[in-house]
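Overview (structure and organization)
For reference, the chains in residue letters:
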Amino acid sequence: MLLQKLVEPTKIEKWAVVNFSARCDIRSLVRDLIKCGQMKGIMIEPPFDVFEENPQVRRAPPLVRVEKMFEQIQEKLPGAPQFLLCLLPERKNCDVYGPWKKKNLADYGIVTQCMAPIRVNDQYLTNCLLKINAKLGGLNSMLAVEQNPSIPLVSKVPTLLLGMDVSHGSPGRSDVPSIAAVVSSRKWPLISRYRACVRTQGSKVEMIDNLFKLVSDTEDQGIIREVLLDFYTSSGKRKPEQIIIFRDGVSESQFNQVLNIELDQIIEACKFLDEKWNPKFSVIVAQKNHHTKFFQPGSPDNVPPGTVIDNRVCHPRNYDFYMCAHAGMIGTTRPTHYHVLLDEIGFSPDDLQELVHSLSYVYQRSTTAISVVAPICYAHLAATQVGQWMKFEDTSETSSSQGGVTAEGAIPVPQLPRLEEKVASSMFFC
């Protein structure tokens, strides 16, 4: 990958570096990043400035540190930057991460990439550039079946792909709301471009309840309306005639709820936009938390990437299959168990498995296949990142008058600030 060029590289002109007390040689880091970008085809101009954190603010609360940094940026920068590179002192669980992301995405609409400059090499910088390029609207890789659209049933008819996931707070914390994320494809017939819509809901509630949300007789503020309008505008004024839903994080006991609660809301949202519109649906649940593993007979090696098992060890009546799309580098690969709960579109088993396999290769952060379809991975990333925004919020501040109360005396659900328009349709979660 180090010598390969990206499919659609972006050009980075107005950008700056923000350093939250990370110890590193920033000049050489910037030089290496620009050099690495050139190898990928990304033209990166020198940064406008490097903003160093004031040492007196270093021990202040995270929200204060972010505010002070933005005051400094606004004083010195002539206009809004295209991109900010943020250097953090530690790689995991940095307090500044959540407030910094929220400030950039919700208040200013600025794309930002965080990195902890510990052990930086070409591979690390390449991985960062993959993320930066995707966030700024570029495309890192593309499947041949997308370029000359030939994906069975998907390339011929406008098709919307959805990935849905819910992220919960840590066990025992009933005051932390759950975060629901729905990721949707855009610019049909591509299957590589996505956007995310994220909302809060009641703590530990697994079913997404904001898919269709009537606030008056004529207004729906649900997730699906936003998703459908974006697909329509980005896909040449076409409505999706097929909607394929990939759902993560539900157990067998909740399959009926996915169809009766979530799918019903999606159908209602479609009908609310247009009474006569009847898209076809396919609903597929992906499970990773199981104990089924596959081996090659008489060999210690993992099964080759792209292995599908759809008989013998599958359910005798239900439609399910296992897929090992990725190459396991360490240990035994764990396949993903896909359950097809509904298929109105009418995929043949081979066509559906081919689609799932293709969707394991369009993940923009990786140059190889991943273990689960990209829309689900993106939904997980979006829910996790926005969950970080909530970490340092004071519940009394965030539970605005709009915050929904689940039951009498229950804790109000704080509403998330909406993403700024400039980044709302970007892959900010990448």
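It should be noted that the structure appears before, not after, this text.
Quick summary incoming for the structure in this document. (Residues numbered from 1 in each chain as written. Predicted model: local features only at pLDDT ≥ 70, side-chain atom pairs only at ≥ 80, totals over all residues. Heavy atoms only, no water.)

1. Let's talk about the overall build of the chain
The secondary structure content of the chain amounts to eleven helices and 16 strands. For 430 residues, the compact-globule estimate of 2.2 N^0.38 gives 22 Å, and the chain sits close to it at 22 Å. Its C-alpha atoms put the chain at 65 × 60 × 45 Å along the principal axes. For the chain, the residues scored as buried account for 51% of the 430 residues in total. (Helix = DSSP H or I, 4+ residues; strand = E, 2+ residues; numbered from the N terminus. Rg over C-alpha atoms; globule rule 2.2 N^0.38 Å. Buried < 20%, exposed > 50% of the residue type's maximum accessible area, 1.4 Å probe, protein only.)

2. Some thoughts on the sheet that holds strand β2 (residues 15-19)
Pairing in this open sheet of four strands is parallel, and the strands run β4-β2-β5-β6 from one edge to the other. The sheet is open, and its two borders are formed by β4 (50-52) and β6 (111-115), each paired with just one other strand. Between one strand axis and the next, the sheet turns through 20 degrees on average, direction left out of account. Sheet topology note: the strand β5 (residues 83-87)/β6 ladder contains five bridges and is parallel. Counted as the bridge partner of F83 is V111 from β6. Sheet strands touched by helix α1 (residues 26-40): β2, β4, β5 and β6. Its angle to β2, the strand with the most contacts, is close to 140 degrees. Sitting on the sheet, helix α2 (residues 62-76) is in contact with β2, β4 and β5, with an inclination near 145 degrees to β4. (Pairing = 2+ DSSP bridges. Axes fitted to C-alpha atoms, helices over the stretch in contact; angles between N-to-C directions. Contact = heavy atoms within 4.5 Å.)

3. Things to note about the sheet that holds strand β7 (residues 159-167)
Whenever strands of a sheet pair, they do so through backbone hydrogen bonds, lying parallel or antiparallel. One open sheet holds the eight strands; their spatial order is β9-β8-β7-β12-β13-β16-β15-β14, and the pairing between them is mixed. Looking along the sheet, the strands with just one partner apiece sit at the ends: β9 (194-201) and β14 (307-309). With direction set aside, neighbouring strand axes in the sheet form an average angle of 20 degrees. Where β14 and strand β15 (residues 320-324) come together, three bridges link them in antiparallel fashion. Bridged to I309 within β15 is Y322. Across the sheet, helix α7 (residues 255-273) touches β7, β12 (242-248), β13 (280-287) and β16 (336-343), and the angle it forms with β13 is around 140 degrees. Lying over the sheet, helix α9 (residues 374-390) contacts β7, β8 (178-185), β9, β12 and β13, oriented at roughly 140 degrees with respect to β8.

4. Quick notes on the packing of aromatic side chains
Considering all chains together, one arrives at eleven aromatic pairs under this definition. Seen from their ring centres, W15 and F83 are 6.0 Å apart, and the 35 degrees between their planes marks the pair as tilted. Of the two residues, W15 sits in strand β2 while F83 sits in strand β5, which places them 68 residues apart along the sequence. Neither residue differs from the other here; W15 and F83 are each classed as buried. Feature note: the residues Y194, Y363, Y378, F428 and F429 constitute an aromatic cluster, connected by ring pairs. (Phe/Tyr/Trp six-rings, centres within 6.5 Å; stacked < 30°, edge-to-face > 60°.)

5. Quick notes on the side chain of H339
As for its placement among the helices and strands, H339 is situated in strand β16. A relative accessible area of 7% means that H339 is categorised as buried. Looking at H339, its side chain comes within polar contact range of the side chain of Q287, at 2.9 Å. Leaving out residues up to four positions away in the same chain, H339 has contacts with E252, F255, V283, I284, V285, Q287, Y319 and D320. (Polar contact = N/O pair within 3.5 Å; in protein donor to acceptor, adjacent residues only side chain to side chain.)

6. So, the layout of surface pockets
The space that makes up the largest pocket amounts to roughly 900 Å³. Lining the largest pocket are 26 residues, and of these R91, K92, Y97, K131 and R365 sit closest to its centre. When its residues are assigned to classes, the lining of the largest pocket shows twelve nonpolar, six polar and eight charged. (1 Å grid on protein atoms, 1.4 Å probe; cavity = no way out; pocket = protein on both sides within 12 Å on 5 of 7 lines; lining within 4 Å. Points joined across faces, edges and corners; volume = space filled by probe spheres on them. Nonpolar A, V, L, I, M, F, W, Y, C, P; charged D, E, K, R; others polar.)

7. What to know about α9
Taking 1.5 Å as the rise per residue, α9 with 17 residues should run 24 Å; its terminal C-alpha atoms sit 25 Å apart, in good agreement. Burial within α9 is extensive, with 13 of its 17 residues counted as buried. (Expected span 1.5 Å × (residues − 1).)

Take it as geometry only, folks, not as evidence of what the structure does.
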